[in-house]
Amino acid sequence: MMSAWLLRLMLAMLVAPCWSGAACPATSTRVGMAGSPVRAVSLDLTDMVQPSDAMDRLEQRMRDVGVTMVALSAGRLDWTGFRWSGHEERWSAGVRESGRDLLMEGAQRFGRWAHVSAVVDVFAPRYLQKRPSLRALDAAGRPIPYHASTHALVNGPFGDELILMIAHIARHYPVDSITLTELFYYQEGYGADDLALYREYSGRRDWPRTADGSIDVDHATIAAWRSAMVAQFVARTARVAHMHGKQLFVDVRVGWDSPASEGRRSGHDYRLLLQHADRLVLWNYIGLSGATPEYTASIARYVRRYGVDRIIISYGLWAKRGAVLDAEALQQAMVAGQEGNLPHAWITPLGLMQEEHWQTLAAVWRGAAGCAPAVTSPRRVPDR
């Protein structure tokens, strides 16, 4: 296993903009018109491994409906969508079996006309299987197979290695932004090392507890601590992304009881995150939450306080019991978002899209293929 000092040295070398006199990569100069709406579609690794003729048809379909941003899966720390030199054992099956660098191919293809975002999934079940001590524990003390502990993320080797991966992408791939996904903690992260962080942050001796003695996962102090820890890692990621001329986007949960609750109980305080991230991508997954499509307008109106160009609404096509959100509900939700004066939309996942969904995108976006969103410097969000 890599020693801690060597890992830190590698990290310093990789995040440095021009280490050892090497030429710095050119940053993206492709910018969009001010106020240009984001119209994003998300591709996972199974979409990206398709043969070139299928990708040609997909690309044309995207352009026909007016897509301006393409989100490409970069994979996970332990399952990459790219040929990460020195980490061949972590290449995904699609990369190994095809011999292709899926992220590079996609970035070069779609980057000719759209903003390209490399999506980094924070889950790492294979990595954690070999390092069980780094797994998060739930409130009952049971290990969670896909989630690293909060301590391992912010102060441990998991976070260090994840930053190495992100730095590699930001330095070597022609993408415009990095998007962090699955970066949340709610039922996850109650081990002894996490408790030490919580005690340091809150000044309390133990987790807050309910009447029966179990950990009160909904307590306000836990939400505040979670949000501070997630924001700390986002700040670190933002420094790496911005150093190499990339924007940073972060997927976040929404409050289904009220938009004002944001995703704080999962570590998503929007104001804190936007002090570092360029945009937030809100998981407006009405098919899973049971919310009406019209609730999207309430979300949109609330988040406008952070700036209309700092927020993208993600319209998930998942629904309960393995179903797919129907095209009519998707259209109603997207229209509600526009009525809330928040035009930026992200459709996910591509694998669930049916013909009716493509027709919905064409109808809502009126088939206008706008320009890609601008690459901008991070902006600070004032305290509320």
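So, how was this worked out
- Residues numbered from 1 in each chain as written.
- Predicted model: local features only at pLDDT ≥ 70, side-chain atom pairs only at ≥ 80, totals over all residues.
- Heavy atoms only, no water.
- Helix = DSSP H or I, 4+ residues; strand = E, 2+ residues; numbered from the N terminus.
- Buried < 20%, exposed > 50% of the residue type's maximum accessible area, 1.4 Å probe, protein only.
- Contact = heavy atoms within 4.5 Å.
- Areas by Shrake-Rupley, 256 points an atom, 1.4 Å probe, with all protein chains shown as cover.
- Core = buried A, V, L, I, M, F, W, Y, C linked by side-chain atoms within 4.5 Å.
- Polar contact = N/O pair within 3.5 Å; in protein donor to acceptor, adjacent residues only side chain to side chain.
- Phe/Tyr/Trp six-rings, centres within 6.5 Å; stacked < 30°, edge-to-face > 60°.
- Lys NZ or Arg CZ within 6 Å of the ring centre and 35° of its normal.
- Salt bridge = Lys/Arg side-chain N within 4 Å of Asp/Glu carboxyl O.
- Pairing = 2+ DSSP bridges.
- Arc of directions from axis to C-beta.
- pLDDT = per-residue confidence, 0-100.

What follows covers the overall build of the protein. A tally of regular secondary structure across the protein gives 15 helices and 11 strands. Out of the 384 residues belonging to the protein, those deemed buried represent 56%. Across the protein, the fraction of contacts at a sequence separation of at least 24, relative to all contacts at a separation of at least 6, is 77%. Total accessible area computed for the protein in this model is approximately 16,000 Å², and 52% of it derives from carbon and sulfur atoms.

Ranked by size, the top nonpolar core spans 104 residues in total, and within it L43, M62, F158, L162, I169 and L280 carry the most contacts. Element by element, the count of residues in this core is highest for helix α10 (residues 220-243), at 11 residues. Once you skip the residues sitting within four places of it in the chain, I169 turns out to touch A74, F82, L103, A118, V120, V175 and I178. The next biggest cluster of nonpolar side chains, apart from the first, holds 9 residues, and it includes A40, A71, V119 and V281.

Take the environment of D251 next. Its location among the elements puts D251 in strand β8 (residues 247-252). Here the alpha-carbon distance between D251 and V119, two residues 132 residues apart in the chain, equals 9.7 Å. Engagement of the side chain of D251 in a polar contact is seen with the side chain of W283, the distance being 3.1 Å.

So, on to the packing of aromatic side chains. Throughout the structure, instances matching the rule amount to 16 aromatic pairs. On the numbers, 5.9 Å between centres and 70° between planes, the contact of F123 with F184 is edge-to-face. Within this pair, whereas F123 is found in the loop between β4 (115-121) and α6 (125-129), its partner F184 is found in the loop between β7 (177-181) and α9 (192-202), the two being separated by 61 residues in sequence. For the pair F123 and F184, a shared accessibility class is recorded, and that class is buried. Of the aromatic side chains, those joined through ring pairs into one cluster are F123, Y146, F184, W283, Y285 and W318. Over the face of the ring belonging to W79 we find R126, whose NZ or CZ atom lies 3.8 Å from the ring centre. Just above the ring of F184 sits the side chain of R253; from NZ or CZ to the centre is 3.9 Å.

On to the pattern of salt bridges. Overall, the coordinates contain 15 salt bridges when judged by the stated rule. With a shortest N-O distance of 2.8 Å, R90 and E161 are connected by a salt bridge. One end of the pair, R90, is in the loop between β3 (79-80) and α4 (93-98); the other, E161, is in helix α8 (residues 157-172), with 71 residues separating them in the sequence. A residue is classified by how much of its surface remains accessible, and R90, at 9% relative accessible area, is buried. Salt-bridge contacts for R264 lead to D269; the nearest nitrogen and oxygen are separated by 3.4 Å.

Further remarks concern the environment of V254. The topology assignment puts V254 in the loop between β8 and α11 (270-273). Separated by 27 residues in sequence, V254 and V281 place their C-alpha atoms 9.9 Å apart. What V254 contacts, discounting residues up to four positions off in sequence, is E262, Y270, L282, W283 and I299.

In the sheet, strand β5 (residues 135-137) pairs with strand β6 (residues 143-148) via 2 bridges, with the strands oriented antiparallel. From the neighbouring strand, R135 faces β6, where its bridge partner is A148. Here β5 folds back onto β6, and the loop between the two strands holds 5 residues, one of which, G141, carries a positive phi near 90°.

Our focus in this paragraph is helix α15 (residues 355-365). Every buried residue of α15 is listed here: H357, W358, T360, L361, V364 and W365. When α15 is viewed along its axis, its buried side chains cluster within an angular range of 155° and face the same direction. Close packing links the buried residues of α15 with β1 (39-43), α3 (52-65), α14 (327-339) and β11 (345-348).

This brings us to the side chain of T348. Structurally, T348 is set in strand β11. Setting aside its immediate chain neighbours within four residues, T348 contacts S42, Y285, S314, Y315, G316, L317 and W318.

Turning our eyes to something else, we now look at the confidence of the model for the protein. Here the protein averages 89 in pLDDT, and 86% of its residues register 70 or above. Here residues 15-34 is modelled with pLDDT under 50, and outside its nearest four sequence neighbours on either side it reaches 38 contacts, counting other chains as well. The model gives residues 367-384 a pLDDT under 50, and that stretch makes 63 contacts with residues more than four places away or in other chains.

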